[in-house]
Structures are given as structure tokens and as C-alpha cells.
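Topology and contacts: notes
Here is what each chain is made of, one letter per residue.
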Amino acid sequence: MTQQPISPAVSRRGFLRAVGLSGGAGAMFATMGALGLAPTAAAAAPAYRAPTPADFHLTGRGRASVVILGGGIAGLATAYELGKAGYDCTVLEARDIVGGRNFTVRGGTTQTDLDGNTQKSRFGEGVYLNAGPGRLAQWMVTLDYCRELGVPIEVFTNANADALIFNESAGMTAPVRYRAAKADVFGYVSELLAKATNQGALDAALTAADKDRLTTFLRSFGSLGSTLGYTGGSRRGFASYPGAGTDEGTPLGAPPALSDVFASNVGRYFSFELGYDQAMLMFQPVGGMDQIPKALAKAVGHHRIKVGAEVTDVTDTGSGVAVTYRQGKATRVLRADYCVATLPPHLMARIPHNLGTPVTAALSEFGVTAAGKIGLEYQRRWWEEDDRIYGGITETDLDLQHIWYPSYGFHGRRGLVVGYYNTGAAARTYSALPHAEREARALAQGVKIHGEKYRSELVSSWSQAWDRTRYLEGAWTSPRYTSPGYQLLLQPAGRVYFAGDWLSHEVAWQHGAFVSARSVVTALHQRVLTA
Ligand SMILES: Cc1cc2nc3c(=O)[nH]c(=O)nc-3n(C[C@H](O)[C@H](O)[C@H](O)COP(=O)(O)OP(=O)(O)OC[C@H]3O[C@@H](n4cnc5c(N)ncnc54)[C@H](O)[C@@H]3O)c2cc1C
Ligand SMILES: NC(=[NH2+])NCCC[C@H](N)C(=O)O
């Protein structure tokens, strides 16, 4: 094969050159062949290669000072990238730790919510809850920052054939394993389609050769018999797995009737793992997601980051920016040449400023989604020992929505299950309760799936209600991408720039925060160089 440019990286580098910034050297060219792929002419689409931190150099030194509002991923990434190019950056972060929504709870973590409720985590050594972000897709630039900053990563199990599905509203009295649910749904759908094809129902759409190929595919996809019927089989799993000598194992048995399988609605979860952002393999930092902001803060320099510093006013003075903030009992003003504001938009909208009412209106346009998680620490890893579930997610139609089993610490003594990860109305139902009642509700639901041990073996717990978390008041936002307000905020308001995942097409992903920060850093540097 001849060498082909990889279009996204090349076009980005071209862009950086055009604005006086250069892409890094390195593998800007690759071939499908080099990746071990042998595409047909029709399939020779360029492979994707994310622009990495190493590709992102600001050419020339910037001498300006920059005050950055918010020490989440966008704020820290802004300080990190500008700092590499010589800028004098100061980060003002209201919480007493950096990371923002990237928040990992360990033993000793304390937090007081907006409603005044305080929790103190009693998690044991090595046990943690990623209360915000938990997973990273391979194409995300977040992984490249992990590489550059020396944050080790490991696989996050986002799909597991041994995890469970439980739809109470469909009348299920016990959960079913993913592998059996998939076998049955794929089997029956394949049977229906194969028979329809065979009986000529699709003749208008299919040639004879198409029909043959489709039937061949469906036989294997659905594990169909010679008469194109689905009757179950080993794909469903075993009550007792095959053993030595003459032990063929005990298969789970015949599948439920077709109508019952569809009525159980288990198939509604299968599209999740096909999402471009949720498909395996997924990854997580070893030791907790907060290893990312910790590493960023170290690279930025702790002396450049003020925590417990709540911004209360932003004024563009024409020749610079004056930011007022409260730290402890003191109120101070920090002056700089430029400002990058990375607070969530609905909170930034409340902060007094002189940037104009259209800016406030645009910031107020973003809808806010609630989300919550509870971490349930158990005295033993019963999901591994008893249920043979090593990581992954159980899906339900209960208001707990998802149960996550840990992708770290396998076979350890204790472990932590995410007992709910819910959004929207379900999240608000839990967040309205004090912690003890959230725990009780989560346990009552989980017992339906895992039995009484789900309650009796609990050691401690932590619940995170993002809509009640100070300085965040929500999990993520929904931008109106076509609105003039969104476009307005992509431009600086005088000397103030805006960044955050909410100004990207990857909301609810750190990737969005990183790329938004890089976009602002690029624009600001260009302005400084040409000023
Ligand atoms: C439940 C949940 C699950 C998620 N799952 C994933 C996932 O699996 N993978 C993934 O990559 N991403 C995930 N995300 C999204 C990810 O957390 C965000 O995209 C990212 O952290 C946003 O970074 P940011 O810097 O834009 O914003 P934020 O983290 O919101 O940072 C804003 C900062 O501003 C600070 N601030 C607010 N008010 C003030 C003030 N007045 N003065 C000073 N500072 C202030 C805040 O304390 C905060 O630190 C998830 C988020 C949540 C909530
Ligand atoms: N497009 C979205 N907002 N999806 C929600 C996903 C939230 C988060 N990134 C997660 O993986 O759990």
C-alpha cells in the first residue's frame, strides 16, 4: 500500500502552522497496512489518530499573565499548555481540591452539600469511588494526557457477558445474564429475519446472492439450526460449566419463548456498547480518575493554584482583567492581562461581570442535567466469589439504573460496587434524600438483583449528588449548538475567554474539556503573538 496521510491529525497540524503554531514531529503519517489492516479499495478510509499533547506546541513564548477561573480539567489543561509556552498563569479554584467534576472519594474525604448535609468517607485502604468520570475511550485525548503526564491506565470493563439485566416493570422476578439475553434476542431476531428471507418476503430488497449471504450470516449471528430455528445452546451459558472426562456440563436450558424474550425488553441495553464513546476497550487511570488532575496540578505547579478561592467578580478593565475572589475571610483582587473562565456556565452566569448582558444570557441558556452515584463498600467481593462477575455493568429499569462492578482490585479483600449511577429524574429522587435514605433506597433495589447479602455485607458508603454539590450544581449541561449564544461564547468577551466541556461537542467527557481548553489556548496565544 502507498502511504496515506491520516486526515484529522494532518489537517490539525496544517491549522496550527497557519496560525503560527506548529504540530510536533512524530508519526503524522501511517498506513492502514502498518496497522495490520488490509482494506479493500472501498474500505480504505483513513484511520483516526487523535491530536496528542505532543502534537500541541505553542510556537514562540507568550509573556502575558493569565488568570484562570476554575481548577477542573479545562482550567488545569489551560494552565498546563499556556505554562509550557511561558505564560504566567494563576488558577482560582473554589473547592479545596482541584479536579472539579473529576472527583475521587477515598477514606477520609469529606464534603458538605448545598443542603448542609456533610459526609465523611469511611472507605478502607485502597478502596475508592470515581464519583464523576469513570471511563475513557481509546480515541480520547484524555488518554494522551495520561501518557504525557505519566498517569498509568488500565482497562475499564464497560461490557461484560457475565453481568446482569433486570427489568422489574417487564415482570422479571430474577435477573438474566447478558450472555443469555443476547443469545436469545440475537437468536430470535435472526430466526425471524432468516425465515422471512427464505420465504421471499424480502425479495424486493435482496438478490439471490444477497439472500444466501444474509442467511449464512444470520445462521452464525443467531446460532440457528438447520431449519433456521433458534433453540438456545451453549451460547446462553451453563448452570454448571463443562468439566473433566465425561462431564459435558449442564446447559442453562431452552430459551424462553420468543414473545417472552421480547416482552422482557432485555434488548434495549445492547446498543450501549456500540456507541462510539462507550465501546470496549475502555480505560481508567490506575488508582482513581483524580490521578489526572493531580498530575496536571503538579505539572502546572502548586504555587500557581489557589484552592478555596471563590471568584465573585470579573471586570475587564480594557487594558487587563481584575478578578475578585474570596479566600477564607479575605477578599482579594487579582489582576492579569487575560482571563480564561472555565466555571460551569449556569454558575458563571451568576457572577457579577462587565462583559455585557448578551454574555449572561448566553451563559444562562445551557440546560443542566442531574446525576448521582453511590459507592457501596463490601467486606468481601461477593460479586466475584459468588456471582462470577469481574467488572462491568448490570443494567436495570429500577431507579438505580446501573450497577458498576469494580475494574480494579480483583480478588482483593474488600471492594466497592457503584450501587447506582443515575441521571435525570431518578438522580433527583435520590439527591432529595439525606445520605442514609439514599443508601437504604439503593440497597432495597439492589437486593432484588443480588439478594440479602447486598444489604447485610455492606461496610460503608458514599453518595454523590451532583446537583447538590457546591460550585458545580449539576453533572453536565446541554448546549444549544446552533444558538447565537453558543457561538458568542466561543469568542472572547474582551479579554475574557470561556472554556469547558460545555463548549465542545463532547459534553460529559473530559475529552471535551481538554479540546475546549486547547482551542482557547490556541486563540489566546495567537492574539498575544500578534498584539
Ligand atoms: C457523574 C459524571 C460522570 C462522568 N463520566 C465521565 C466519564 O466516564 N469520562 C469522562 O471523561 N468524563 C466524564 N464526565 C465528565 C467530566 O467530569 C467533565 O467533562 C470534565 O471533568 C469537565 O471539566 P471542566 O473543567 O470543563 O469543568 P468542571 O470540572 O466543572 O470545572 C469547573 C471548576 O470551576 C470551579 N468553580 C465553580 N465556581 C467557582 C467559583 N465561583 N470560583 C472558582 N472556582 C469555581 C469548580 O469547583 C470546578 O472545579 C462525567 C461527569 C459526571 C458528573
Ligand atoms: N452524551 C452524554 N451526555 N452521555 C452521558 C455519558 C456521561 C459520561 N461520560 C459517562 O460515560 O458516564
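Residues numbered from 1 in each chain as written. Chains lettered and ligands numbered in written order. Predicted model: local features only at pLDDT ≥ 70, side-chain atom pairs only at ≥ 80, totals over all residues.

In the annotation of an unreviewed UniProt entry, the entry for the chain reads Monoamine oxidase, and the organism field reads Asanoa ferruginea.

Looking now at the site of ligand 2. With respect to spatial proximity, the complete set of residues near ligand 2 consists of R135, W476, V507, A508 and W509. Along the lines of polarity and charge, the residues of the shell around ligand 2 split into 4 nonpolar, no polar and 1 charged. (Near = placed C-beta within 6 Å. Nonpolar A, V, L, I, M, F, W, Y, C, P; charged D, E, K, R; others polar.)

We now examine the sheet that holds strand β20 (residues 338–341). Spatially, β16-β4-β3-β20-β28 is the arrangement adopted by the 5 strands of the open sheet, whose pairing is parallel. The open sheet is flanked by β16 (305–307) and β28 (496–498), the only strands paired with a single partner. For this sheet, the mean angle separating the axes of adjacent strands, direction not counted, is 20°. Across 4 bridges, strand β3 (residues 65–69) lies against β20 in parallel orientation. The residue of β20 that forms the bridge with L69 is A341. Lying on the sheet, helix α2 (residues 73–84) is in contact with β3, β4 (88–93) and β20; it crosses β4 at an angle near 170°. (Pairing = 2+ DSSP bridges. Helix = DSSP H or I, 4+ residues; strand = E, 2+ residues; numbered from the N terminus. Axes fitted to C-alpha atoms, helices over the stretch in contact; angles between N-to-C directions. Contact = placed C-beta atoms within 7 Å.)

It is worth spelling out the nonpolar core at this point. The biggest cluster of nonpolar side chains holds 126 residues, and the ones touching the most others in it are V66, L76 and C339. Element by element, the count of residues in this core is highest for helix α15 (residues 510–530), at 8 residues. (Core = buried A, V, L, I, M, F, W, Y, C linked by C-beta atoms within 7 Å. Buried ≥ 20, exposed ≤ 12 C-beta atoms within 10 Å, placed from the backbone.)

In terms of strand pairing, strand β17 (residues 309–316) meets strand β18 (residues 321–327) through 7 bridges, oriented antiparallel. Looking at the pairing, D316 lines up with V321 of β18.

Residues that lie three or four places apart on an α-helix share one face, since the helix turns once every 3.6 residues. Spanning 15 residues, helix α5 (residues 208–222) covers 21 Å between terminal C-alpha atoms, matching the ideal 21 Å at 1.5 Å per step. Of the residues one or two after α5, S223 is the one with positive phi, at around 55°. (Expected span 1.5 Å × (residues − 1).)

For the rest of this paragraph, the subject is the UniProt feature "binding site: substrate" (unreviewed entry) in the chain. This chain's UniProt record puts "binding site: substrate" (unreviewed entry) on R135 and Y420. Checked against the element boundaries, R135 lands in the loop between β8 (129–130) and β9 (136–137). What R135 contacts, discounting residues up to four positions off in sequence, is F156, N158, M282 and Q284. Excluding anything up to four places from it in sequence, Y420 contacts G372, K373, I374, L400, Q401, Y430 and A442. (UniProt positions renumbered as here; feature names shortened; annotations may be inferred.)

Take the packing of helix α4 (residues 178–198) against α5 next. Between α4 and α5, the least distance of the axes is 9 Å, while the angle of their chain directions is 160°. In terms of their interaxial angle, α4 and α5 are classed as roughly antiparallel. Where α4 crosses over α5, the two elements pack in a sense that is left-handed. On the side of α4, the interface is formed by F186, G187, V189, S190, E191, L193, A194, T197 and N198, while α5 contributes K211, L214, T215, L218, R219, F221 and G222. (Parallel < 35°, antiparallel > 145°, perpendicular 65-115°, else oblique. Left-handed = near helix turned anticlockwise from the far one by under 90°.)

A separate point is the site of ligand 1. Near ligand 1 lie 40 residues; those nearest to it are G70, G72, G100, P133 and G500. Looking at the shell around ligand 1, the elements with two or more residues in it are α2, β4, β17 and α15. It is α15 that provides the largest number of residues to the shell around ligand 1, a total of 4 residues. Split by residue class, the shell around ligand 1 holds 20 nonpolar, 14 polar and 6 charged.

Before going further, it helps to examine the environment of Y405. Inspection of the secondary structure puts Y405 in strand β24 (residues 402–405). Once the C-alpha coordinates of Y405 and R381 are considered, the two residues, 24 residues apart in sequence, prove to be 9.6 Å apart. Y405 has contacts with W383, I389, G391, G392 and V417, leaving out every residue within four places of it along the chain.

The subject of this paragraph is the domain arrangement of the chain. You can read the domains of the chain as domain 1 (65–99 + 295–366 + 479–530), domain 2 (104–163 + 281–288 + 369–468) and domain 3 (171–265). Taking only C-alpha atoms, the centre of domain 1 and the centre of domain 2 are 30 Å apart. Each partner contributes to the interface: domain 1 provides 8 residues, whereas domain 2 provides 8 residues. Counting residues per element, the side of domain 1 that touches domain 2 draws most heavily on α15, which supplies 4 residues. Residue composition of the side of domain 1 that touches domain 2, by class: 6 nonpolar, 2 polar and no charged. (Domains from an automatic or database assignment.)

Listed under "binding site: FAD" (unreviewed entry) in the UniProt record, and renumbered for this structure, are E93, A94, G132, P133, G134, R135 and V311. Spanning 219 residues, the annotated positions stay apart in the fold, the maximum distance between their C-alpha atoms being 30.3 Å. Following the sequence through the fold, E93 ends up in strand β4. Residue class for E93 comes out buried when judged on the 29 C-beta atoms lying within 10 Å of it. In contact with E93, other than residues within four places in its own chain, are G70, G71, V98, I305, K306, V307 and A309. Relative to the elements of secondary structure, G132 occurs in the loop between β8 and β9. Of the residues examined, G132 has 26 C-beta atoms within 10 Å and is grouped as buried.

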